[in-house]
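A closer look at the structure
One-letter residues, chain by chain:
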There are 2 protein chains.
Amino acid sequence: MSHRPPDPKLLSINTATVRKRWNLGEIFEGCARHGIQGVSPWRDQVQTFGLTESAKMVRDLGFVVTGYCRGGMFPGSTPEEIVAARDDNRRAVDEACELGATCLVLVVGGLPKGSKDILGARAQVRDGIGELLDYARPRNMPLAIEPLHPMYAADRACVNTTAHANDLCDELGDDGLGIALDVYHVWWDPYIHREINRAGKKRILAFHICDWLVPTRDLLLDRGMMGDGVIDIPSLRAAVEGQGYEGFHEVEIFSGQDWWERPPDEVLKTCIERHQSCC
Amino acid sequence: MSHRPPDPKLLSINTATVRKRWNLGEIFEGCARHGIQGVSPWRDQVQTFGLTESAKMVRDLGFVVTGYCRGGMFPGSTPEEIVAARDDNRRAVDEACELGATCLVLVVGGLPKGSKDILGARAQVRDGIGELLDYARPRNMPLAIEPLHPMYAADRACVNTTAHANDLCDELGDDGLGIALDVYHVWWDPYIHREINRAGKKRILAFHICDWLVPTRDLLLDRGMMGDGVIDIPSLRAAVEGQGYEGFHEVEIFSGQDWWERPPDEVLKTCIERHQSCC
């Protein structure tokens, strides 16, 4: 397949990518300076910088907020934990609304502490999303289930395939519910193309990019820049855009020993180049 | 679900579990000393110790060889690499026959060097298994496809779900072909129970046990002893035995910083205890 570069206007930066050396205001300014038009901030960064200030900068700089990271973490060991997660998720919906985000990304949570009951955790996730939908739908804030790589099933998200995310959308209803697809989490899936087709334009709410390094030295903090790993990103982009997805391509790189240590301007410049040459 | 301990006679030790401090002869002697009746040796250990000597000890000590580790690694960048893999796999079949193994375990291989074509790698795997079946079937050596955790898709095995392994069995024919199920690789799979049912007694050729630690500090060498992690091993054992599987429960633990450093007699003793209390 010959590579047809993406529209450069569709590049978005997940703020985790340059979080170590810049605060959120510096990240927004940096993105604007580099002509980047999409951003996807994390809640802790917004809380540190201030929600009102963050929303004002987003408006002033004319960004599209391609997602708000993140809600979820539904399973709990006690009713109190579950209620606390519910309340916190409602606040996340409110914040996403104030920021004008296109969706709230859900990292659904793994096993409650001490539990080995993954089926039970999945039931809690289903119920938690269902309850949050009742809050998010009247506020017009779409929820995007992000299937996470199976290596995070225990401690971050027990929804690990696009098929499972599609099953949840089937069960809970498409209205205001969809999927955030991150190539890092789904590239290995033998059924990914079938499941992207099944999701269709309606359910694909976000498309995240980075790369899988060989070797991968850390389960969490060793994601690669697009082009440095083994993921066939163009074929995955072609699949989601073949379904009619017209949204952004959001770079989300957790890289404790490499990209987080580099000057953020260099990181953003590289994102822009690699978006054109490797995606 | 109340826990009904397994038959202690069904414990098998994959020789990787104690490979660091003992050679293969010492491992066989140690297993015999602890009353363990099943072993599953690795090729490199057999080669170092000698195939004839290994086979003689297996016979003399009356072990069941619950698998031979391992064949596979089918994908290659060049025709020469693919032919070399084919020839090496045929030798693995011959060795498995000499050892009287119940199956040759296949770790199918990942992406050829420099490739991002996972669909191509999977086609090479399918063709490679098909070709090896022509060699293995007349020798009555069953081939057991081991789906590996998706975190190994790039560099070890691009067959990462039991569904995919079942698809390959459908395509290539059940005669002399089945699946090695390792709880470490499959515990996270939302469709695992459906796919164990689909596999049925005929295809389940081996059942491997260990545990998934939280946190997992290394992608390869941080497997846990049964009971120390989050896998609901009894429910997976119940599922395979519910299909009529009557074979061994093979402990395979790669643990660079913990179990490999301990006295192997202590490791074997712990395997025996945990097999009863946690499986």
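Residues numbered from 1 in each chain as written. Chains lettered and ligands numbered in written order. Predicted model: local features only at pLDDT ≥ 70, side-chain atom pairs only at ≥ 80, totals over all residues.

1. Looking at the overall build of chain A
Definition in use: Only DSSP runs of H or I reaching four residues or more are called helices, and only runs of E reaching two or more are called strands; each is numbered from the N terminus. Our exposure labels follow a C-beta count within 10 Å of each residue's own C-beta, placed from the backbone: buried means 20 or more other C-beta atoms, exposed means 12 or fewer, and partly exposed covers the counts in between. Here, residue contact means that the backbone-derived C-beta atoms of the two residues sit within 7 Å.
Broken down by element type, chain A carries ten helices and nine strands. Structurally, chain A occupies a C-alpha span of about 45 × 45 × 35 Å along its principal axes. Within chain A, the fraction of its 279 residues that count as buried is 52%. The contacts of chain A with a sequence gap of at least 6 include a subset with a gap of at least 24, amounting to 79%.

2. So, helix H3 (residues 51–61) of chain B
All names here are of chain B. What counts is decided by this rule: Here the arc refers to the set of directions running from the helix axis out to each C-beta atom.
Burial in H3 covers these residues: Ser54, Met57 and Val58. Each buried residue of H3 lies within a common arc of 100° when the element is viewed along its axis, so the set occupies one face. Exposed and facing more than 90 degrees away from the buried side of H3 are Thr52, Lys56, Arg59 and Asp60. Elements that come into contact with the buried residues of H3 comprise helix H1 (24–33), helix H2 (43–49), strand S3 (64–65) and helix H4 (79–99). A positive backbone phi angle near 70° is found at Gly62, which sits one or two residues after H3.

3. Let's talk about unusual backbone geometry
Residues Cys69 of chain B and Arg70 of chain B are joined by a peptide bond in cis, for which omega reads 0°. Residue position: Arg70 of chain B is located in strand S4 (residues 68–72). With an omega of 0°, the peptide bond between Val214 of chain B and Pro215 of chain B qualifies as cis. Relative to the elements of secondary structure, Pro215 of chain B occurs in the loop between strand S8 (204–209) and helix H9 (233–242). Positive phi, normally seen in glycine, also occurs at Asn140 of chain A, with a value near 55°. Checked against the element boundaries, Asn140 of chain A lands in the loop between helix H5 (118–136) and strand S6 (143–145). Non-glycine residue Met73 of chain B carries a positive phi angle of around 50°. Residue classification places Met73 of chain B among the buried residues on the basis of 20 C-beta atoms within 10 Å.

4. Remarks on the confidence of the model for chain A
The test is simple: A residue's pLDDT is simply how confident the predictor is in it, with values from 0 to 100.
Looking at chain A, pLDDT values average 97 and 99% of them are 70 or higher. Scoring the predicted complex yields pTM 0.97 and, for the interface, ipTM 0.96.

5. Digging into the sheet that holds strand S2 (residues 38–40) of chain A
Residues and elements named next belong to chain A. Quick note on the threshold: Being paired, for any two strands, means DSSP has found at least two bridges between them. For helices, the fitted line uses only the C-alpha atoms of the stretch in contact; every axis is such a line through C-alpha atoms, and the angle between N-to-C directions lies from 0 to 180 degrees.
Spatial ordering of the open sheet is given by S3-S2-S1-S9-S8-S7-S6-S5-S4, a layout of nine strands whose pairing is parallel. Every other strand in the sheet has two partners, leaving strand S3 (64–65) and strand S4 (68–72) as the edge strands with one partner each. Relative to strand S8 (residues 204–209), strand S7 (residues 177–182) runs parallel, the two sharing four bridges. Looking at the pairing, Ala180 lines up with Ala206 of S8. Its contacts with the sheet put helix H10 (residues 264–278) on strand S1 (11–14) and strand S9 (249–251), and the angle it makes with S1 is roughly 140°.

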